Amino acid sequence: MHHMVENGGRRTQLLRGVLDLCLLTVMADGPAYGYEMTKRLGARGLSIVGEGSIYPLLGRLERDGLVDTHRAASNGGPPRKYYELSSRGRKALNQGVFEWETTRDAVDAALGLTTTEVTP
Amino acid sequence: MNAFVTACRREWRRLGVPEAVANEMASDLEADLAEAEADGASPEEVLGNGYFDPESFAASWATARGVVEGTPRPGVTGRRRPWVQLTATLVCAVAVLVGVVALAAGGHSSVSVAGVAFRRSAILRMPTAPAVPGVLVGPHQFFISHQGPAVTLFGAVLFLVGIVGLGITLWLWRPWSGRRRGSYSDHDIGMPSFL
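Residues numbered from 1 in each chain as written. Chains lettered and ligands numbered in written order. Predicted model: local features only at pLDDT ≥ 70, side-chain atom pairs only at ≥ 80, totals over all residues. Heavy atoms only, no water.

Attention shifts here to the overall build of chain B. When its secondary structure is counted, chain B shows seven helices and two strands. Ordering the α and β elements of chain B from the N terminus gives α-α-α-α-α-α-β-β-α. Each of the 195 residues in chain B was classed as buried or not, and the buried ones make up 34%. In chain B, the share of contacts with a sequence separation of at least 24, taken over all contacts with a separation of at least 6, comes to 68%. (Helix = DSSP H or I, 4+ residues; strand = E, 2+ residues; numbered from the N terminus. Buried < 20%, exposed > 50% of the residue type's maximum accessible area, 1.4 Å probe, protein only. Contact = heavy atoms within 4.5 Å.)

Right, dumping it as structure tokens:
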């Protein structure tokens, strides 16, 4: 009997591979601090409830030089750390989106979710 | 201060995260949690599953940022460079071989202690030092015209040093010797480890 990944576990695993791309994408809309990015993800329909936090991932992106950071006052609140795409991050985003599309199309085809038109 | 942030601070202190960095992370976290609360959002919406395990959350974040004591910096691996170990192993092996050869050669042409003593007394009676190569030994500084004992001694020292060195380098070659134990691994942080 094959061991199937439970639904929650599969979603987690899928997210694990692409959440960095999602963060880089919402950062492409403009500099944002941690919670602001969570809200942007939510506005795009992606909730992290039941998943891991974005903070360690932001730390990793910063460490890898994919984002630039600066501190600035937020709207009426205390100074926050803002993250924005670096040039290296933009390249990584483009590459990652390409890889995602390629993988997604291949999986869709394997799962029979796309139809291939055959010309007679 | 928020209880979650307090727990994170405690963990960062335990991990040796620099105070300035810990302050920055705590400040951001507290501000985000306060804003989420004002928005009517739950802490879990901000922190995900990390909300239920502040220690792991704090450790993952600090490790991902590379601010935990002992965390390798970007581009620097924690592993020893293999060629250094390989060179050290080869040098030690050569030392052992040379030592064995020297021991064999010295033993083959060695003279007894009594012989050396006889020669010593004979040499001391000589008006000048012998023309043949020798070594300067002992507090009385006399020449031994026969190189056997010196070669044997040299070989024994070289053999012992080589054996000890070889043992150390081979011990370092063990598959688990280059890995850090008891610290957080950050190689899998696409998402935090508790995800």
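After presenting the structure, the write-up continues.
Contacts between the two partners involve 35 residues from chain B and, on the opposite side, 26 residues from chain A. Between chain B and chain A, roughly 2,700 Å² of surface is buried when both sides are summed, and carbon and sulfur atoms account for 51% of that area. Joining chain B to chain A, the criterion identifies eight salt bridges. Close ionic contact of D32 of chain B with R80 of chain A constitutes a salt bridge, the shortest N to O distance being 2.5 Å. Between the two partners, chain B and chain A, sit 14 residue pairs in polar contact (both at pLDDT 80 or more). With nine residues, helix α2 (residues 19-39) of chain B is the largest single contributor of residues to the side of chain B that touches chain A. (Buried area = accessible area lost by both parts, 1.4 Å probe. Salt bridge = Lys/Arg side-chain N within 4 Å of Asp/Glu carboxyl O. Polar contact = N/O pair within 3.5 Å; in protein donor to acceptor, adjacent residues only side chain to side chain.)

Throughout the structure, instances matching the rule amount to eight aromatic pairs over all chains. Aromatic pair Y55 of chain A and F57 of chain B: ring centres 6.0 Å apart, planes at 80 degrees, arrangement edge-to-face. Of this pair, Y55 of chain A sits in helix α3 (residues 55-63) while F57 of chain B is found in helix α4 (residues 54-65), placing the two residues in two different chains. Note on Y51 of chain B and F52 of chain B: the rings are 5.5 Å apart at their centroids and 70 degrees apart in plane angle, and the pair reads as edge-to-face. Judged by relative accessible area, which is 56%, F52 of chain B ranks as exposed. Through successive ring pairs, a cluster of aromatic residues spans Y55 of chain A together with F4, W12, Y51, F52, F57 and W61 of chain B. Sitting over the ring of Y33 of chain A, R80 of chain A keeps its end group 4.0 Å from the ring centre. (Phe/Tyr/Trp six-rings, centres within 6.5 Å; stacked < 30°, edge-to-face > 60°. Lys NZ or Arg CZ within 6 Å of the ring centre and 35° of its normal.)

All names here are of chain A. Summarising the element assignment, L58 is placed in helix α3. With a relative accessible area of 0%, L58 lands in the buried category. Between the C-alpha atoms of L58 and G34, which are 24 residues apart in sequence, the distance is 8.1 Å. For L58, the contacting residues outside a window of four places in its chain are L23, M27, G34, M37 and Y83.

The next thing to look at is the side chain of R65 of chain B. Looking at the element boundaries, R65 of chain B is found in helix α4. Looking at R65 of chain B, its side chain comes within polar contact range of the side chain of E24 of chain B, at 2.8 Å. Ignoring sequence-local partners within four residues, the contact set of R65 of chain B consists of G59, E62, R63 and K81 of chain A together with V21, E24 and M25 of chain B.

All right, on to the confidence of the model for chain A then. Taken residue by residue, chain A gives an average pLDDT of 88. The fraction at 70 or more is 88%. Averaged pLDDT values for the elements of chain A fall to 88 in helix α1 (residues 7-28) of chain A and rise to 96 in helix α4 (residues 87-110) of chain A. (pLDDT = per-residue confidence, 0-100.)

Another aspect to go through is the pairing of strand β1 (residues 67-73) of chain A. Residue and element names in this part refer to chain A. Inspection of the sheet shows β1 paired to strand β2 (residues 79-85) by seven bridges, in the antiparallel sense. By the bridge assignment for β2, T69 is matched with Y83. In textbook terms, the turn of a hairpin is the stretch between consecutive antiparallel strands, and for β1 and β2 this stretch comprises five residues, one of which, G76, has a positive phi near 75 degrees. (Pairing = 2+ DSSP bridges.)

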